[in-house]
Amino acid sequence: MRTVKEVSKLTGISVRTLHHYDAIGLLKPANITGAGYRLYDDESLKRLQNILMFRELQFPLKEIKAILDSPEFDSEEALGQQIKLLEMRQKHLEKLIAFAREIQKKGVDNMSFNAFDKTEMEQYEQEVRERWGGTKEYAQYEQKTKGKTEKGIQEMADKLLALFAEIGQLREFSPAQKEVQEKIRELQTFITENYYSCTDEILHGLSQMYVMDERMKRNIDHAGGDGTAEFVKQAVEIYCGTEI
């Protein structure tokens with residue numbers, strides 16, 4: 001585990017920026033000590049690595065969060081795409097340098113603007129967004145969050161965690177109990193109203209991630225108590241039926 005200051009020193013990212021990433025839900029610490037100090041594990045640093053790569057490629061923070069949180073996200077495939085984008089950017093810069101040298105050599109009357117053409121690079125960037133955006137679900141997410149501030153998006157995430165906390169308070173009951181199943185329906189409705197259309201199939205897939213993704217599991221268990229993520233998964237399986 002590394003403190004926020006150690007991560008700042010390791011990566012060159014300011015402590016203030018790391019605090020901001022935490023506040024908007026982009027990079028949550030793996031743990032917080034009793035004294036309130038943020039601690040980051042290797043998984044946190046891997047996520048930060050992806051964040052910084054996408055930032056270098058000038059992706060907005062909101063878009064990076066949607067990409068990294070997408071169920072479809074694959075870090076190895078994304079790295080290959082990031083490399084390709086960086087190579088395209090390098091090629092573009094080389095053309096600009098050559099163009100600038102040509103102007104230096106021949107004078108400012110050289111009126112060619114081909115070196116400024118970024119069409120191919122922009123097209124590929126859009127393909128990356130569409131690949132990791134979860135297509136229809138990502139489009140819905142973009143529409144629902146359009147115009148919202150980062151503070152508003154964080155408030156939405158906090159409400160979701162509050163809902164997990166309420167479900168966690170019901171862990172003493174059977175996951176099939178009426179009160180628990182009503183909370184699962186509330187969870188599905190909340191996701192649909194604030195993120196994207198949450199079908200039973202999508203809800204079931206999310207519930208598997210709540211347990212398999214260590215960061216999600218940790219956040220949900222932190223909100224509702226140890227075992228909440230597993231309890232949610234069991235309740236969702238009952239809610240959706242065994243055929244999903």
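A quick note: this is a predicted structure, and the numbers were derived from the prediction, not measured.

**Q** Just checking my understanding: could you explain the overall build of the chain for this structure?
**A** Helix and strand counts for the chain stand at 12 helices and 3 strands. For the chain, with 244 residues in total, the buried portion stands at 40%. Counted over contacts in the chain with a minimum sequence separation of 6, partners at least 24 positions apart contribute 63%. If you sum the accessible surface of the chain, you get close to 14,500 Å²; carbon and sulfur atoms cover 51% of it.

**Q** What is the right way to look at empty space enclosed by the protein in this model?
**A** Any space left empty among the atoms is revealed by the rolling of a water-sized probe across them. Applying the stated rule across the entire model yields 1 cavity of 30 Å³ or more. In this structure, the largest cavity encloses a volume near 50 Å³. Around the largest cavity, the lining residues are Ile-24, Leu-61, Lys-62, Lys-65, Glu-150 and Ile-153. Elements supplying a minimum of two residues to the lining of the largest cavity: helix 4 (61-69) and helix 8 (150-168).

**Q** Would you mind showing me how to read the packing of helix 9 (residues 178-194) against helix 10 (residues 200-212) here?
**A** Angle between the axes and distance between the axes: these two values describe a pair of packed helices. Close contact between helix 9 and helix 10 brings their axes to 11 Å; oriented N to C, the two are set at 105°. Our classification of the angle between helix 9 and helix 10 gives roughly perpendicular. Of the residues in helix 10, those in contact with Ile-184, Leu-187, Gln-188 and Ile-191 of helix 9 are Asp-200, Leu-203, Leu-206 and Tyr-210. For the contact of helix 9 with helix 10, a count of residues per class yields 6 nonpolar, 1 polar and 1 charged.

**Q** Help me out: how do you make sense of the nonpolar core in this one?
**A** Generally speaking, nonpolar side chains in soluble globular proteins are found buried as a group. Grouped together as the largest cluster of nonpolar side chains are 26 residues, with contacts concentrated most on Phe-164, Ile-184, Leu-187, Ile-191, Leu-203, Tyr-210 and Val-232. Leave out the neighbours within four places in its chain, and Tyr-210 touches Phe-164, Leu-187, Ile-191, Met-216, Lys-217, Ile-220, Ala-229 and Val-232. Among the nonpolar cores identified, the runner-up in size contains 22 residues, and Ile-24, Ile-51, Phe-59 and Ile-67 belong to it.

**Q** I keep staring at the sheet that holds strand 1 (residues 2-3) and nothing clicks. Help me out?
**A** What links the strands of a sheet is backbone hydrogen bonding, and the strands pair in either a parallel or an antiparallel sense. Read from one edge of the open sheet, 3 strands run 1-3-2, paired in antiparallel fashion. The strands lining the two open edges of the sheet, one partner per strand, are strand 1 and strand 2 (31-32). Bridge analysis of strand 2 against strand 3 (residues 38-40) gives 2 bridges, and the strand direction is antiparallel. Within the sheet, the bridge partner assigned to Ile-32 lies in strand 3 and is Arg-38.

**Q** Hey, could you run me through the environment of Asp-22 in this one?
**A** You can see Asp-22 is positioned in helix 2 (residues 15-23). By relative accessible area, Asp-22 is classed as buried at 7%. As a C-alpha pair, Asp-22 and Arg-38 span 16 residues in sequence and 9.4 Å in three-dimensional space. Among all residues touching Asp-22, those that are not within four sequence positions of it are Leu-27, Lys-28, Pro-29, Arg-38 and Gln-154.

**Q** Sorry, what's going on with the pattern of salt bridges here?
**A** Pairing is possible between side chains of opposite charge, provided their charged atoms come close. For the structure shown, the criterion picks out 12 salt bridges. Among the salt bridges present, the one from Lys-46 reaches Glu-43, with a minimum N-O distance of 3.5 Å. Residue Lys-46 and its partner Glu-43 are located together in helix 3 (residues 42-56), separated by 3 residues, close to a single helical turn. For Glu-43, a relative accessible area of 41% corresponds to the partly exposed category. Of the charged contacts in the structure, one is a salt bridge between Asp-69 and Lys-65, with a shortest N-O distance of 2.9 Å. Here Asp-69 and its partner Lys-65 are both found in helix 4, 4 residues apart, which amounts to about one turn of the helix. Overall, Lys-65 belongs to the buried group, its relative accessible area being 15%.

**Q** Help me out: how do you make sense of the environment of Lys-151 in this one?
**A** Mapping Lys-151 onto the fold places it in helix 8. Spatially, the C-alpha atom of Lys-151 lies 6.8 Å from that of Ile-24, the residues being 127 residues apart in sequence.

What counts, and at which threshold
Residues numbered from 1 in each chain as written. Predicted model: local features only at pLDDT ≥ 70, side-chain atom pairs only at ≥ 80, totals over all residues. Heavy atoms only, no water. Helix = DSSP H or I, 4+ residues; strand = E, 2+ residues; numbered from the N terminus. Buried < 20%, exposed > 50% of the residue type's maximum accessible area, 1.4 Å probe, protein only. Contact = heavy atoms within 4.5 Å. Areas by Shrake-Rupley, 256 points an atom, 1.4 Å probe, with all protein chains shown as cover. 1 Å grid on protein atoms, 1.4 Å probe; cavity = no way out; pocket = protein on both sides within 12 Å on 5 of 7 lines; lining within 4 Å. Points joined across faces, edges and corners; volume = space filled by probe spheres on them. Axes fitted to C-alpha atoms, helices over the stretch in contact; angles between N-to-C directions. Parallel < 35°, antiparallel > 145°, perpendicular 65-115°, else oblique. Nonpolar A, V, L, I, M, F, W, Y, C, P; charged D, E, K, R; others polar. Core = buried A, V, L, I, M, F, W, Y, C linked by side-chain atoms within 4.5 Å. Pairing = 2+ DSSP bridges. Salt bridge = Lys/Arg side-chain N within 4 Å of Asp/Glu carboxyl O.

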